Amino acid sequence: MLRAAPPLTLALFLLPIAAGLAGTALPAFGYLPALGHTEVSLGAWRELMATPGLADTLALTLRVGLLATALSVVLAIGFCALAHERPWLRRCENALAPLLATPHAALAIGFAFLILPSGWLARLVSPDLTGWHTPPQIVTVRDPQGLSLAGGLVLKETPYLVLMILAASVQMRVRDLVASARALGYGPAAAWLFAVLPRLYAQIRLPVYAVLAFSLSAVDVALILAPGTPPPLAVLAMRWFADYDLALYPRAAAAALLQLALVAGAIVAWRLGEILTARLGRAIILRGWRAPAAEPVAAAAALGAVGTGVAAFAAIAGMALWSVAAGWRFPAALPEALTLDVWTRHLPEVGRPLEMTLAAGAAATVIALVLALACLENEQRAALRPGTGTLWLLYLPLLVPQIAFLFGVQVALVQAGLDGTLAAVIWAHLLFVLPYVFLSLADPFRALDPRFARSAAALGAGRARIFVRIKLPMLAKPILVAAAIGFAVSVGQYLPTLFAGAGRVATLTTEAVTLATGADRRILGVYAVLQAALPALVYGLALGLPRLMFRNRRGLA
Amino acid sequence: MLAGVEIALDGRELVPRFDLAVAPGEVVTVMGPSGSGKSTLLAFIGGFIDPVFRVSGRVLIDGADVTRRPPEARRAGILFQDDLLFPHLSVGQNLAFGLVTSVRGRAARRGAIDAALAQADLAGFFDRDPATLSGGQRARVALLRTLLAEPRTLLLDEPFNRLDSHLRDDIRRFVFGHARERNLPTLLVTHDADDARAAGGRIVRLGA
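About the cut-offs
- Residues numbered from 1 in each chain as written.
- Chains lettered and ligands numbered in written order.
- Predicted model: local features only at pLDDT ≥ 70, side-chain atom pairs only at ≥ 80, totals over all residues.
- Heavy atoms only, no water.
- Domains from an automatic or database assignment.
- Contact = heavy atoms within 4.5 Å.
- Buried area = accessible area lost by both parts, 1.4 Å probe.
- Salt bridge = Lys/Arg side-chain N within 4 Å of Asp/Glu carboxyl O.
- Polar contact = N/O pair within 3.5 Å; in protein donor to acceptor, adjacent residues only side chain to side chain.
- Helix = DSSP H or I, 4+ residues; strand = E, 2+ residues; numbered from the N terminus.
- Patch = residues over 30% accessible without salt bridge, like charges linked within 9 Å, V, L, I, M, F, W, Y side chains within 5 Å.
- Areas by Shrake-Rupley, 256 points an atom, 1.4 Å probe, with all protein chains shown as cover.
- Buried < 20%, exposed > 50% of the residue type's maximum accessible area, 1.4 Å probe, protein only.
- Expected span 1.5 Å × (residues − 1).
- Bend = angle between axes of the 7 residues up to and from the residue.
- Nonpolar A, V, L, I, M, F, W, Y, C, P; charged D, E, K, R; others polar.
- Lys, Arg positive; Asp, Glu negative; His and termini not counted.

Trainee: For this particular structure, what's the right way to read the domain arrangement of chain A?
Mentor: Accessible area lost upon the coming together of the parts serves often as the stated size of an interface. All names here are of chain A. Per the domain assignment, the segments of chain A are domain 1 (1–11 + 342–557) and domain 2 (67–229 + 293–339). The interface is formed by 32 residues belonging to domain 1 together with 33 residues belonging to domain 2. Taken together, both faces of the contact between domain 1 and domain 2 bury some 2700 Å²; the carbon and sulfur share is 72%. Three residues stand out in domain 1 for area buried against domain 2, namely Tyr395, Arg521 and Arg522, and they jointly supply 24% of the buried area on that side. Seen at the junction of domain 1 and domain 2, the total is 0 salt bridges. Counting every contact that joins domain 1 to domain 2 gives 4 residue pairs in polar contact (both at pLDDT 80 or more). Every element with two or more residues in the side of domain 1 that touches domain 2 is listed here: α15 (341–381), α16 (388–399), α18 (422–447), α21 (476–492), α23 (508–516) and α24 (521–549).

What follows is the structure, encoded as structure tokens:
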């Protein structure tokens, strides 16, 4: 039975993506039997190309995607280049978990609260520094350049990349490598950049591509922070998909396919950039240049990374404050009074989405955990060596833009009569939960000293007993952390919930994004706070439970 | 115990074909530099060999051919360089994990474990966290756990290496004493000549 785990997992995983891509590609080329189109045509593409403002849409999409990714990568690298050296930066790493647990949409809403002309930031410095007594007439959120969108993405992607780099550094002898480079006269940042980063980057390459793909195609963050005319490409496709006019379907499919091509092209371009950067780095190393300039640059980037963290926490705090503000006139830095009115008035309507969020998150996480553990245990029993191919497969749902296959998935779900059910939503969430759960569990599972299992076997314990009595308890900590990560990923899903749920399954995230356009800031604050609090709570449980379970076991502390 | 064993890796011969019989109560020491395949040989007997190795030959324990049996069905007790006490279980629970299932009933099992602990000067250690024990205490618990599973043979994979030098003699005496007392055929793998001397049995040399 265990041997069936990897093929089953792959099927659960690849079938929807393959079916979804086919279900998008065929209509894009005119094949849509449901509407009576059975002939291949390029009509949809002609319509797409004739869309007014398409060039601006593409420029905006590429600008935001590349800018947000490049900035996140530079900030994360700068932070890590110095974190091994500066204790206070090390301490900042404790802030990673809450930032990673907060869904994109919640952070984007909080960020908008922060930087709006009438936002918290303006209030903090007004009127003393600015002289503003009314909100200034400037555009910050939804600016046509997409800078606020890029900023919102950086807020979430920087801590993610920092975590990926830290996780990859565990397997390297960073301290020794840095020490030997510093003994040769390199500064702390240059030592890390030249001695550690080149090999480490290979391990964060896929996460970086995932960030790039997400930044180019995120819909939820774009609905909150991106300009509406012209919108980013994924939002454009999404609008056409959601339109009641079915004649727009082929055009929407073509736009989704163009989005896929855009992401693929951007990844190829990024790869070329990697090669050029590596060549440049080698040239510098050959010259023996000690790169003293790396120190201030890395320090600036590290400060920038810390700045994004501070902004993210301010965003979360700001939403919380709005949700309990009794009244908050413009230039005041803080609300006049606090009240729970909004909470008590809106809590009843929050109940249903909250239930759905919990149900989908719990189910997707448990299924992902079972599948990941089964695959890993099977891998160990069969003594398989995981290759890079498996890793690419795992990252597939994170690299293929959601809009490019979720529409096709919805078509398939409609045909199967499953659209709009909780089961469909759970399955759609699983596509994104499973990679994260598997990736966070794989290293600790594989790193568990195999001699523990051998000792148990030599004592007469069979494989099932070893798995339940030795491996599971010894891995309790990473398993719970993986569960918390999986749950947080599920809570944050917007587009998969929307498509698989056919608009009938509402979660906190879909509600919050819907409300983000125009609703009362205080109500929006309630949704955003709940959305952020739920994963944070589960994280807390995941970290606290092992401490409680093993409070008398120092070896597991 | 071993008949016509031969181990190869990537087509290169690692352990040349050889036979070895270990009598009950006898301790045979296998010596060789690192990479000579001595630990691989133990893994083969214990049933944990990595499939990258090509192995031929048979393993006989108590006259029974166990070559095709899974490790848990071989009754080959094994001690590694580290004590590998399960960190999530107490000392007593670790021993209970090892204790054969033929000892039934809560009281009988607890009694067997307490007796073993007392005999190793560890009386009252049942509820202790293994992480709070000294190196010597942990080594003794590890051996007790192995013995409570009533093995038919004992495999020692450099178990004295990580111990402080002043403890080594004690633990050696403790381990070899128990092995002889129970008439276990014992195979010790080491590169420490003192280990071999303390074992006091035949010495087989592997590799160049």
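Trainee: Would you mind showing me how to read a nonpolar patch on the surface here?
Mentor: All names here are of chain A. Together, Leu121, Leu124, Val125 and Leu129 line one region of the surface with nonpolar side chains, adding up to about 380 Å² of accessible area. Relative to the helices and strands, Leu129 is located in the loop between α7 (120–125) and α8 (147–169). Exposure remark for Leu129: the relative accessible area of 71% places this residue in the exposed category.

Trainee: Can you help me understand α15(A) in this one?
Mentor: Note: α-helices contain 3.6 residues per turn, so residues at a spacing of three or four share the same orientation. Across its 41 residues, α15(A) extends 57 Å between first and last C-alpha, which sits within 8% of the 60 Å expected from 1.5 Å per residue. At Leu347(A), α15(A) shows its largest bend, some 55°, and a proline, Pro348(A), comes one to four positions later.

Trainee: How do you make sense of the interface of chain B and chain A when you look at a structure like this?
Mentor: Across the contact, 27 residues belong to chain B and 26 residues belong to chain A. Both faces combined, the contact of chain B with chain A buries some 2400 Å², and carbon together with sulfur accounts for 65% of it. Together, Glu72(B), His88(B) and Phe97(B) form the three largest contributors to the area buried by chain B at its contact with chain A, with a combined 31%. Our count for the chain B to chain A interface comes out at 1 salt bridge. Ionic pairing is found between Arg451(A) and Asp82(B), a salt bridge with its closest N-O pair at 2.6 Å. Here chain B and chain A share 6 residue pairs in polar contact (both at pLDDT 80 or more) between them. Within the residue set of the side of chain B that touches chain A, elements represented by two or more residues are β6 (76–79), α2 (91–98) and α4 (135–148) of chain B. Considering each element in turn, the side of chain B that touches chain A owes the most residues, 3 residues, to α2(B). Residues belonging to the side of chain B that touches chain A are distributed by class as follows: 15 nonpolar, 7 polar and 5 charged.

Trainee: In this structure, what is going on with the environment of Ile466(A)? I would like to understand it.
Mentor: Residues and elements named next belong to chain A. Among the structural elements, Ile466 can be located in helix α20 (residues 463–474). By relative accessible area, Ile466 is classed as buried at 6%. Here the alpha-carbon distance between Ile466 and Ala456, two residues 10 residues apart in the chain, equals 6.5 Å. Contacts of Ile466, omitting those with residues within four sequence positions, involve Ala453, Ala456, Ala457, Ala461 and Lys471.

Trainee: Before we go on, may I ask you to explain the side chain of Asp143(A) in this structure?
Mentor: All names here are of chain A. Tracing the backbone through its elements, the reader meets Asp143 in the loop between α7 and α8. In this structure, Asp143 is buried with no salt-bridge partner, the nearest side chain bearing the opposite charge being Arg63 at 7.3 Å. Within polar-contact distance, the side chain of Asp143 engages the side chain of Ser148 at 2.8 Å. Leaving out residues up to four positions away in the same chain, Asp143 has contacts with Ser148 and Pro227.

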